[in-house]
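Single-letter residue listing:
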Amino acid sequence: MKRSLSIIMMMVFVCSAGGAENMRVLVSPFTNNGSDTYGWLGYGIEASVIADMVKIPTVEVLSIKERKRALDEISYQMSGLVEEDKILRVGKMLGANVILSGEYTVLNPEVRITARLTLVEKGVIISSIKLDGSLNDIFGLQDEIVIRLMSSVDQKKAGGLKAPKLSSKEVDAIKKKETNFNTFEYYAKGLELTDAVSQEFLDIEQAIFVLINEQRTKAGLPKFIYHDKLAMLGRYHSMNMQVYNFFDLTDQNGMNAMGRKLMLTPELFGNVGQVIAFNYGGSTEAVAKKFVKQLMESNFKSEILNKNYNYLGVGIFRGDGDNYRYFCTLVPADLMVELVSSIPKKLDYGSKITLKFKFIGSFPKEKLGIVVKYPDMAARCYKEDGSYFEGYGVYYPENWEGDFFTVTITCDKGRGAYVIQPSREDKFYPFGVTLIAR
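Residues numbered from 1 in each chain as written. Predicted model: local features only at pLDDT ≥ 70, side-chain atom pairs only at ≥ 80, totals over all residues. Heavy atoms only, no water.

Some thoughts on the overall build of the protein chain
For the protein chain, the helix and strand inventory stands at 13 helices and 23 strands. The buried share of the protein chain, reckoned over its 438 residues, is 47%. Considering only contacts in the protein chain between residues 6 or more positions apart, those separated by 24 or more positions represent 66%. Total accessible area on the protein chain stands at roughly 22000 Å², and carbon and sulfur atoms take up 52% of it. (Helix = DSSP H or I, 4+ residues; strand = E, 2+ residues; numbered from the N terminus. Buried < 20%, exposed > 50% of the residue type's maximum accessible area, 1.4 Å probe, protein only. Contact = heavy atoms within 4.5 Å. Areas by Shrake-Rupley, 256 points an atom, 1.4 Å probe, with all protein chains shown as cover.)

With respect to helix 5 (residues 138-151)
The end-to-end C-alpha distance of helix 5, which contains 14 residues, comes to 20 Å, matching closely the 20 Å that a straight helix rising 1.5 Å per residue would cover. Judged by how many residues are buried, helix 5 sits mostly within the fold: ten of 14 residues are covered. Buried within helix 5 are the following residues: Ile138, Phe139, Leu141, Gln142, Asp143, Ile145, Val146, Ile147, Leu149 and Met150. (Expected span 1.5 Å × (residues − 1).)

Some words on the pattern of salt bridges
Between side chains of opposite charge, pairing is possible as soon as their charged atoms come close. Taken as a whole and judged by the stated rule, the model has 16 salt bridges. The closest approach of N and O atoms between Arg116 and Glu103, which form a salt bridge, is 2.7 Å. Of this pair, Arg116 sits in strand 6 (residues 110-119) while Glu103 sits in strand 5 (residues 98-107); the two residues are 13 residues apart in sequence, bridging distant segments of the chain. A salt bridge links Lys229 to Glu267, with the nearest nitrogen and oxygen atoms 2.7 Å apart. Residue Lys229 is found in helix 10 (residues 228-243), and its partner Glu267 is found in the loop between helix 11 (257-264) and strand 10 (268-272); the two are separated by 38 residues along the sequence. (Salt bridge = Lys/Arg side-chain N within 4 Å of Asp/Glu carboxyl O.)

What to know about the nonpolar core
Ile208, Leu230, Leu330, Phe357 and Ile420 are the most contacted members of the largest nonpolar core, which has 71 residues in total. It is strand 13 (residues 326-339) that provides the largest number of residues to this core, a total of nine residues. Here Leu330 is in contact with Ile208, Ile212, Gly273, Gln274, Val275, Leu295, Ile304, Leu312, Gly313 and Val314, once residues within four sequence places are set aside. Judged by nonpolar contacts, the second largest core, of 43 residues, contains Val61, Val153, Ala163 and Ile174. (Core = buried A, V, L, I, M, F, W, Y, C linked by side-chain atoms within 4.5 Å.)

So, in structure tokens, the structure goes:
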């Protein structure tokens with residue numbers, strides 16, 4: 001009898017261990033405990049942590065969009081709750097079993113970050129860390145958040161939850177990404193603005209988008225496709241016009257629409273335009289109609305009815321007090337592809353890299369190519385017929401999965417910068433991203 005009981009207990013243990021649940025993580029924006037000057041940093045940390053966690057196959061991570069949508073849907077139920085309880089309730093609603101949250105304090109140039117993993121069901125902390133470093137090394141600190149939290153999970157407190165054991169390959173994937181502080185700051189500020197955008201602004205943006213597409217239809221043109229990242233670019237410029245009290249296509253930093261796109265959303269390949277206007281209050285419908293009427297009677301009409309554009313983002317911002325004006329920025333674009341892969345900080349000369357893209361163009365896929373300009377301008381890339389390109393090569397999509405495809409590049413055509421640009425037939429997109437082979 002004792003032996004039978006032991007066998008049963010052992011079977012239960014084995015079944016429980018084998019059926020351990022993988023982590024489904026909701027990442028919360030990190031709380032700023034210091035100067036408001038660095039309020040944007042928490043949004044940047046959140047986005048970077050999500051990007052790192054996506055690289056762990058056994059972890060499912062919820063998107064910023066899912067978190068924001070859930071908060072909007074149940075905010076009226078949570079008016080009396082503290083932030084920690086709110087995020088736990090949102091996590092439960094979305095089916096998360098773990099919350100990753102934290103705080104940071106910046107005393108320039110130093111920054112302290114604390115982070116923790118909390119079980120949604122019990123509210124128990126199963127892993128926590130504290131990181132100190134320089135703000136200039138924020139990328140390394142962000143990578144350490146995921147690596148150290150995952151490696152220090154208290155398995156007893158985690159119960160049946162399976163803590164991932166990161167392989168050296170996964171750790172390398174988390175650490176390998178190319179960026180700079182200015183790009184990170186611009187991107188994080190854009191996320192902060194988008195996260196805080198009011199429902200009023202969203203309603204006006206949507207109404208303008210619908211009315212603009214009505215104008216496109218009247219002109220016999222295809223309707224625009226809405227794009228979140230273009231809307232973020234629009235909101236960013238509208239906010240700057242209000243805050244810095246100017247009205248121009250060029251912002252207070254001397255950047256035009258393309259400059260902001262390259263700074264904030266370098267993963268989007270395609271030309272962008274810009275349309276701006278401002279007017280005063282009224283209902284959502286009235287404000288939207290005034291904007292569209294104003295724009296269609298201006299020189300910007302040609303941009304709105306440009307047959308080459310396929311995507312549109314609309315960004316609204318309003319001031320208060322004496323500056324009570326609605327600013328509107330439309331960002332139409334002719335987008336081709338979006339780079340899904342992260343760019344490594346460096347590559348060994350002669351190594352291969354496979355990059356993943358998403359096709360978002362409005363032309364036949366078979367006309368798409370990826371151009372790579374080589375560091376060695378005399379290097380040749382041979383075609384099947386024996387002819388060759390000199391100084392660059394044209395690579396064609398491989399392994400299509402729906403709209404996603406890959407391109408494999410061998411960095412053996414000189415040491416230095418390999419510039420990657422998409423092409424449509426014989427037309428090159430003029431800007432690209434860069435790989436450095438040393």
